Amino acid sequence: AMYDHGRRRVVLKLSGEAFAGGDQLGIDPGVVQYLADAIASAVAENIEVAVVVGGGNMFRGAVLSESGMERGRADYMGMLGTVINCLALQDFLEGLGVDTRVQTSIHMSQVAEAYIPRRAVRHLQKGRVVIFGAGLGAPFFSTDTTAAQRALEIGAQAVLKGTQVDGVYDSDPHRNPHAVKFDRLDYNEVLTRGLKVMDATAVSLCMDNALPIVVFDLMTKGNIVRAIRGEKLGTIVCH
Ligand code: UDP
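Residues numbered from 1 in each chain as written. Predicted model: local features only at pLDDT ≥ 70, side-chain atom pairs only at ≥ 80, totals over all residues.

- Looking at an unreviewed UniProt entry, the protein carries the name Uridylate kinase, with the source organism given as Salinactinospora qingdaonensis.
- UniProt's Subunit (unreviewed entry) comment on the protein is quoted here verbatim: "Homohexamer."
- If you open the UniProt record of the protein and go to Pathway (unreviewed entry), you find "Pyrimidine metabolism; CTP biosynthesis via de novo pathway; UDP from UMP (UMPK route): step 1/1." (UniProt positions renumbered as here; feature names shortened; annotations may be inferred.)

### Examining the packing of helix 6 (residues 143–154) against helix 8 (residues 200–208)
Alright, step 1. Helix 8 packs onto helix 6 with a crossing angle of 15 degrees between their chain directions and a minimal axis gap of 8 Å. One way to sum up the angle between helix 6 and helix 8 is to call them roughly parallel. Taken as a pair, helix 6 and helix 8 cross one another with a handedness that is left-handed. Note on element contacts: helix 8 touches helix 6 through Thr 201, Ala 202, Leu 205 and Cys 206, opposite Asp 144, Thr 145, Ala 148 and Gln 149.
Alright, step 2. Split into classes, the residues belonging to the contact of helix 6 with helix 8 amount to four nonpolar, three polar and one charged. (Axes fitted to C-alpha atoms, helices over the stretch in contact; angles between N-to-C directions. Helix = DSSP H or I, 4+ residues; strand = E, 2+ residues; numbered from the N terminus. Parallel < 35°, antiparallel > 145°, perpendicular 65-115°, else oblique. Left-handed = near helix turned anticlockwise from the far one by under 90°. Contact = placed C-beta atoms within 7 Å. Nonpolar A, V, L, I, M, F, W, Y, C, P; charged D, E, K, R; others polar.)

### Section: the UniProt feature "domain: Aspartate/glutamate/uridylate kinase" (unreviewed entry) in the protein
Alright, step 1. In the UniProt entry, the feature "domain: Aspartate/glutamate/uridylate kinase" (unreviewed entry) is given for residues 9–217.
Alright, step 2. In the segment residues 9–217, helix accounts for 43% and strand for 20%; the C-alpha atoms at its two ends are 20 Å apart.

Here it is as structure tokens:
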């Protein structure tokens, strides 16, 4: 029954950067409200939405470890940071009357449920938004890889990677005015050309399991709902 469901089910990956809005650090309430509004509209359309939340606005393990901190510990700091974003999103969603559950890979029973895949699926079937925090609970992974893994485990049809650009380009569109956007890409092309979609672990996990990735601009109004519905936008990475 985990995979046998009639409704559309997606995993939306929200980077920590998004939560910070224009700032580098912390949480911009206006942005979290915007994200919650969009997710609420999609849920109202009867689509099952799980969210994997990043933590780049708090800590990134790789960056912290450059200053001499042990990588594993730094990564746990990063994972804990994602949970703060999860609680913010949960709060704004519940403010809109949307039922939510936060499930974390690191146990913290006062603030979140433990990650239990079958329970996550039940929540989704009941129309609740499930927000996954603390990544995979293991250092040296990313929340992008988490999004791919969760999507596979709960039988979602796609990973929707919301970013600050409207798709994948052959070079950085902020630096190169002649950068060309791809509408569709093959996983192998992403990996061999080193295109910035998700990290290689995440992309190869999607490739091995034929899980489509949709890369789109989060902050363009209407995009989140369109992506969740499965409308064509941004760049799709598939076979
Ligand atoms: N992290 C980790 N294992 C995971 C997921 C995340 O160690 O499974 C740590 C890692 O240090 C990472 C930080 O949490 O830098 C924040 O996650 P991420 O960088 O993926 O957030 P985003 O880029 O999406 O904001």
